Amino acid sequence: MSADATPLLLGERVPGQAVLEELMALQSRVPPRNWLQRVFGASPLRPETIMGYKGVLGEIAVGRILEGLGPEWLVLHAVPVGAGSADIDHVLVGPAGVFTLNTKNHSGQPVWVAGRALLVAGKRTHHIRSAAYEAARAAKLLGSAAGFPVEVTGVVVIVQPKSLTIKARPERVAVVRDARLLAWLRRSQPALGPEQVTQIASAAVRPGTWCRNPPAASDLPALQDSFTALRKMVEQARRRQAAWALSVPAVGFVVLANSVQWGAAILQGLGGR
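None of these values were measured; they are calculated from a predicted model.

Peer 1: Can you walk me through the overall build of the protein in this structure?
Peer 2: Within the protein one finds 9 helices and 9 strands. The buried share among the 273 residues of the protein stands at 40%. Of the contacts made within the protein by residues no fewer than 6 positions apart, 68% connect residues no fewer than 24 positions apart.

Peer 1: I'm lost on the packing of helix α2 (residues 17–27) against helix α4 (residues 47–66) in this one. Help?
Peer 2: Axes are the key here: two packed helices are described by the angle between their axes and the distance separating the axes. Axis separation between α2 and α4 bottoms out at 9 Å; the angle between their running directions is 150°. One finds that α2 runs roughly antiparallel with respect to α4. Here α2 runs over α4; the crossing is left-handed. Mapping the contact onto sequence places Val19, Leu20, Leu23, Leu26 and Gln27 in α2 and Glu48, Thr49, Gly52, Tyr53, Val56 and Glu59 in α4. Looking at the contact of α2 with α4 residue by residue, the classes come out as 6 nonpolar, 3 polar and 2 charged.

Peer 1: Could you clarify how one ought to interpret the sheet that holds strand β2 (residues 87–94) in this entry?
Peer 2: As a general point, the strands of a sheet are linked pairwise by backbone hydrogen bonds and lie either parallel or antiparallel. Across the sheet, 5 strands lie side by side as β1-β2-β3-β7-β9; this open sheet has mixed pairing. For this open sheet the edge positions go to β1 (74–80) and β9 (173–177), each flanked by a neighbour on one side alone. Strand after strand, the sheet turns through a mean of 30° between neighbouring axes, direction not considered. Where β2 meets strand β3 (residues 97–105), 5 bridges bridge the pair, whose relative direction is antiparallel.

Peer 1: Explain the environment of Arg124 here, please?
Peer 2: Summarising the element assignment, Arg124 is placed in strand β6 (residues 123–124). For the pair Arg124 and Val113, spaced 11 residues apart in sequence, the C-alpha separation works out to 9.8 Å. Contact partners of Arg124, with chain neighbours within four places excluded, come to Ala117, Leu118 and Leu119.

Peer 1: I'm lost on the sheet that holds strand β8 (residues 163–168) in this one. Help?
Peer 2: An order of β6-β5-β4-β8 is seen for the 4 strands of this open sheet, with the pairing classed as mixed. Either end of the sheet is taken by a strand with one partner, and the two such strands are β6 and β8. Taken together, the 4 bridges between strand β4 (residues 110–114) and strand β5 (residues 117–120) define a ladder with antiparallel strand orientation. Its bridge partner lying in β5, Val111 is registered against Val120.

Peer 1: Can you walk me through a nonpolar patch on the surface in this structure?
Peer 2: A grouping of Trp35, Leu36, Val39, Phe40 and Trp244 is seen on the molecular surface, where their side chains present a nonpolar patch of about 510 Å² in accessible area. The leading source of residues in the nonpolar patch is helix α3 (residues 35–39), at 3 residues. By the element assignment, Val39 lies in helix α3.

Peer 1: Explain the packing of helix α5 (residues 127–146) against helix α7 (residues 194–204) here, please?
Peer 2: Here α5 crosses α7 at 105°, and the two axes come no closer than 9 Å. Considering the angle they form, α5 stands roughly perpendicular to α7. In contact with Leu142, Ala145 and Ala146 of α5, α7 contributes Ile200, Ala203 and Ala204. Split into classes, the residues belonging to the contact of α5 with α7 amount to 6 nonpolar, no polar and no charged.

Peer 1: Would you mind showing me how to read the packing of aromatic side chains here?
Peer 2: Between two aromatic rings, the relevant description is the distance of the centres plus the angle of the planes. Tallying each qualifying case throughout the model produces 4 aromatic pairs. Aromatic side chains Tyr53 and Phe227 sit 5.7 Å apart centroid to centroid with 40° between the ring planes, which places their arrangement in the tilted category. In this pair, Tyr53 is assigned in helix α4 and Phe227 in helix α9 (residues 220–271), connecting sequence segments 174 residues apart. Through successive ring pairs, a cluster of aromatic residues spans Trp73, Phe99 and Trp184.

Calculation rules
Residues numbered from 1 in each chain as written. Predicted model: local features only at pLDDT ≥ 70, side-chain atom pairs only at ≥ 80, totals over all residues. Heavy atoms only, no water. Helix = DSSP H or I, 4+ residues; strand = E, 2+ residues; numbered from the N terminus. Buried < 20%, exposed > 50% of the residue type's maximum accessible area, 1.4 Å probe, protein only. Contact = heavy atoms within 4.5 Å. Axes fitted to C-alpha atoms, helices over the stretch in contact; angles between N-to-C directions. Parallel < 35°, antiparallel > 145°, perpendicular 65-115°, else oblique. Left-handed = near helix turned anticlockwise from the far one by under 90°. Nonpolar A, V, L, I, M, F, W, Y, C, P; charged D, E, K, R; others polar. Pairing = 2+ DSSP bridges. Patch = residues over 30% accessible without salt bridge, like charges linked within 9 Å, V, L, I, M, F, W, Y side chains within 5 Å. Areas by Shrake-Rupley, 256 points an atom, 1.4 Å probe, with all protein chains shown as cover. Salt bridge = Lys/Arg side-chain N within 4 Å of Asp/Glu carboxyl O. Phe/Tyr/Trp six-rings, centres within 6.5 Å; stacked < 30°, edge-to-face > 60°.

What follows is the structure, given as structure tokens:
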């Protein structure tokens with residue numbers, strides 16, 4: 001699906017844009033770190049911005065994966081839906097059908113799925129219920145705009161989990177790790193003909209299909225530049241934290257070794273008297 005055919009407000013939205021706008025608005029109110037905090041690697045993030053930061057990274061990662069889909073697919077990111085600030089992370093329309101993707105960045109954590117239950121590091125989440133709701137909502141809106149019933153599959157995409165164990169697959173939602181997403185989509189059986197894909201895609205790209213009052217276009221280059229700068233600061237802080245974690249034990253060992261050496265010298269001196 002050619003990007004030239006998509007309207008500005010949806011076709012040119014980038015992965016994670018809705019979360020990114022909220023994150024940078026919150027981050028702009030965080031006081032800058034002082035020199036001592038920067039030296040010791042204090043993170044520029046605060047508790048209220050950490051989850052948003054991880055969320056943006058997850059959506060960007062999945063967005064890059066989706067670039068591998070062929071031109072017969074329409075891929076939309078951060079689709080605003082409803083009257084509030086809600087959005088759907090990614091909407092896909094292609095030969096295999098229509099999919100809404102709910103991206104969850106649980107990097108380094110074990111994920112366990114059994115039917116309606118999805119646990120992250122042993123804690124129950126609402127990911128499956130949320131994905132099912134998004135898919136049902138998208139089916140209703142797209143069907144109304146296209147003029148015929150549209151079936152939508154909800155997908156929870158887990159980004160870089162430590163492990164993903166599926167004891168029992170959910171009935172209405174698929175759970176896929178990011179590394180296998182592209183292969184999973186390509187393995188899906190054809191569900192739509194070219195004409196149906198075109199009709200649904202034409203409805204999907206119209207902002208009015210999803211919400212009555214689409215959000216105003218933001219200064220996307222400035223927003224991305226701000227996030228790039230924030231990401232650089234976060235990575236620098238992590239490197240400094242790691243360096244201090246390595247250097248402090250080393251300094252302690254040197255001090256201890258010197259103390260032992262000095263103590264031995266003192267004892268030797270006393271013994272020589």
